[in-house]
Every structure is written in structure tokens, then in C-alpha cells.
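# Summary of the model geometry
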Amino acid sequence: MKNILYISCSVRKYSENETQHQSISRMLGEQFLNTFSQTTHKVEIIHRDLSVKQPAFIDEKFIAAAFAKGALSEEQHLVLAESDEIIKEVVNADIIVIASPMYNYGMPAVLKAWFDLAIRVDKTFSFDLARGDKPLEPILSGKTLVLLSSWGEFAFKKGESQYHLNHLSSHIEQLAPYLGAEAFYEIASEYQEFDDDRHKRSKALAIEEINNLVHMLSNQNS
Ligand SMILES: Cc1cc2nc3c(=O)[nH]c(=O)nc-3n(C[C@H](O)[C@H](O)[C@H](O)COP(=O)(O)O)c2cc1C
């Protein structure tokens, strides 16, 4: 049995039968899940759609409860409830699939809010000054993180000329270990704003890369 946690966050929807204003990151996410379900015997998918159920922003009460030592009050349990639920989903996942658009060269605000609830001291990382200048260490391990993204411009992939402007991929790759991900893969569709042949080719390539990745992951897991 493979447990997949699927996080989607585009404000646009995706439905197989429509052609206008469709979310490309959601299309890539569905491609991954459908292919994975076809190639792997038993798959359980938990889908958390952040555009439907927006995560709360953390606040002072949240920080106080998250860092509290000893027994928590009833109110503190309530303050942490959404984070507890999100962390449970992360803990249970073998593969975390994040389908995300690039907004303003970074991740959508709802996805950042999800990360702020998902990555928590003594739950997903430990903090110990005895470790010197690197006090943080991940607690979870053995997971795979797959980032499926879409952006309007181009040349944002690793090694390309505009990678330094891409704060979506680098940020999520940096956070991956704190979700317990020891392997990170990214597949992106580019050129959405140009709506030309380059865009069509980029989408087709992303779909091909997803199929290859799914086969690779299914073989690893079998
Ligand atoms: C609010 C907003 C901000 C965006 N910012 C960028 C950007 O900084 N760079 C870029 O290449 N594309 C940008 N785009 C284009 C989107 O990344 C592109 O439309 C992508 O396909 C959106 O993902 P989706 O198709 O899954 O909704 C932006 C789009 C929106 C709506």
C-alpha cells in the first residue's frame, strides 16, 4: 500500500472536458495520480485542496502553543488542531505530491500557510542548540516529495538562465526535509502566458516526464 498526500492550490479549476482557463498544475497533478493508480497495485490518496479549505495563518497564540513545554490547555489544543490534522496527513504519506502555480515568482499564499502549519517544532523537526550553528534537524524521513508546477514565463528550471528568479522550486526543495522527504523531484510546465507552440510542447513534455517518474517510483516501490 502506498499513501499519497496530494496538495493542490491553484485558484483555477481543472476538469477533463473543458478547454478554457484550466489549471495546468492541477492537470499535472491528476496526470500523476491517474498514472500512479494505474501502475501501482494499492494506492490511497488523501487530497487536500488549499483553494477549497484555506489554511489559517499562524499567529501569536499558535506560536505560544507550538513552543509550549508541558501540558497544553484546552484552548492551546484547539489552536493547534488544524496543524495536528495536517501533520498527521504528512506523517502517513509515503509520497507527497504538491501541484502548485508560480505566483509572483514564489508559492501561492495558501501553500505557504500550509507549510507554516505542517512544519512544527518537536513534530517534524527538533531544535537543539547543542548542535551548534545548525540546531534544526528533521524528525520524519523516508518520504518522496514531487512538485508539479506551472508558470507563465520560462527558463526557470534548475541550470537555466532565470532559475535565480524562481523562488517557488528552491523554497519547496529547501523545506522538503522538514516534511521527511529524502527525495525531491520537480516537473514544470512553462510558457502559459504565451499560449503558443512552446507552451504546447512544454505541457506535453511535462506529461511525458510525469509518466516516466511514476514508472520509476512504481518500480522502486514494487
Ligand atoms: C497572481 C498571479 C501571479 C503570477 N505570477 C507569475 C510569475 O511571477 N511568473 C510567471 O512566470 N508566471 C506567473 N503567473 C502565471 C502563472 O504561473 C500561470 O498562469 C500558471 O499556469 C498558473 O498555474 P495554474 O495553471 O495551475 O493555475 C502568475 C499568475 C497569477 C494569477
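Before reading further, recall that the structure is shown in the block above.
In what follows, the accompanying structure is described. It should be emphasised that the depicted structure is a prediction, and the values quoted were computed from it without experimental measurement.

Bringing the nonpolar core into the picture now. Grouped together as the largest cluster of nonpolar side chains are 44 residues, with contacts concentrated most on Ile7, Leu28, Phe32, Ile96, Val97, Trp114 and Leu148. Secondary structure elements with two or more residues in this core: strand 1 (2–8), helix 1 (24–39), helix 4 (81–92), strand 3 (95–101), helix 5 (109–118), strand 6 (143–150), strand 7 (181–189) and helix 7 (197–221). With residues up to four places along the chain from it excluded, the contact list for Leu28 reads Ala99, Leu148, Ser150, Ile187, Ser189, Ala206 and Ile210.

What follows is about the site of the ligand. With respect to spatial proximity, 16 residues lie near the ligand, and among them Ser10, Ser25, Pro101, Gly152 and Glu153 are the closest. Examining the composition of the shell around the ligand, we find that three residues originate from one element, helix 1, more than from any other. Counted by class, the shell around the ligand contains six nonpolar, seven polar and three charged residues.

Of all eight residues in strand 6, eight are buried; the element is thus mostly enclosed. Taking every second residue as pointing to the same face, both faces of strand 6 are buried, with Lys143, Leu145, Leu147 and Ser149 on one and Thr144, Val146, Leu148 and Ser150 on the other. Inspection of the sheet shows strand 3 paired to strand 6 by seven bridges, in the parallel sense. Looking at strand 6, one finds that Val97 is bridged to Val146. Inspection of the sheet shows strand 6 paired to strand 7 by eight bridges, in the parallel sense. Within strand 7, the residue paired with Thr144 across the bridge is Ala183. With helix 6 (residues 169–175) bridging strand 6 and its parallel neighbour strand 7, the resulting β-α-β unit is right-handed.

It is worth spelling out helix 1 at this point. Helix length check: helix 1 (16 residues) gives 23 Å between terminal C-alpha atoms against 22 Å at 1.5 Å per residue, within 8%. Buried residues of helix 1: Ile24, Ser25, Arg26, Met27, Leu28, Gly29, Gln31, Phe32 and Phe36, and no others.

With that settled, consider the sheet that holds strand 1. Spatially, 2-1-3-6-7 is the arrangement adopted by the five strands of the open sheet, whose pairing is parallel. Strands with a single pairing partner mark the edges of an open sheet, and in this sheet they are strand 2 (43–49) and strand 7. In this sheet, adjacent strand axes meet at a mean angle of 15 degrees when their direction is disregarded. Packed onto the sheet, helix 4 meets strand 1, strand 2 and strand 3 and runs at close to 135 degrees relative to strand 1.

Calculation rules
- Residues numbered from 1 in each chain as written.
- Predicted model: local features only at pLDDT ≥ 70, side-chain atom pairs only at ≥ 80, totals over all residues.
- Core = buried A, V, L, I, M, F, W, Y, C linked by C-beta atoms within 7 Å.
- Buried ≥ 20, exposed ≤ 12 C-beta atoms within 10 Å, placed from the backbone.
- Helix = DSSP H or I, 4+ residues; strand = E, 2+ residues; numbered from the N terminus.
- Contact = placed C-beta atoms within 7 Å.
- Near = placed C-beta within 6 Å.
- Nonpolar A, V, L, I, M, F, W, Y, C, P; charged D, E, K, R; others polar.
- Pairing = 2+ DSSP bridges.
- Right-handed = clockwise from strand over helix to strand, strands pointing away.
- Expected span 1.5 Å × (residues − 1).
- Axes fitted to C-alpha atoms, helices over the stretch in contact; angles between N-to-C directions.

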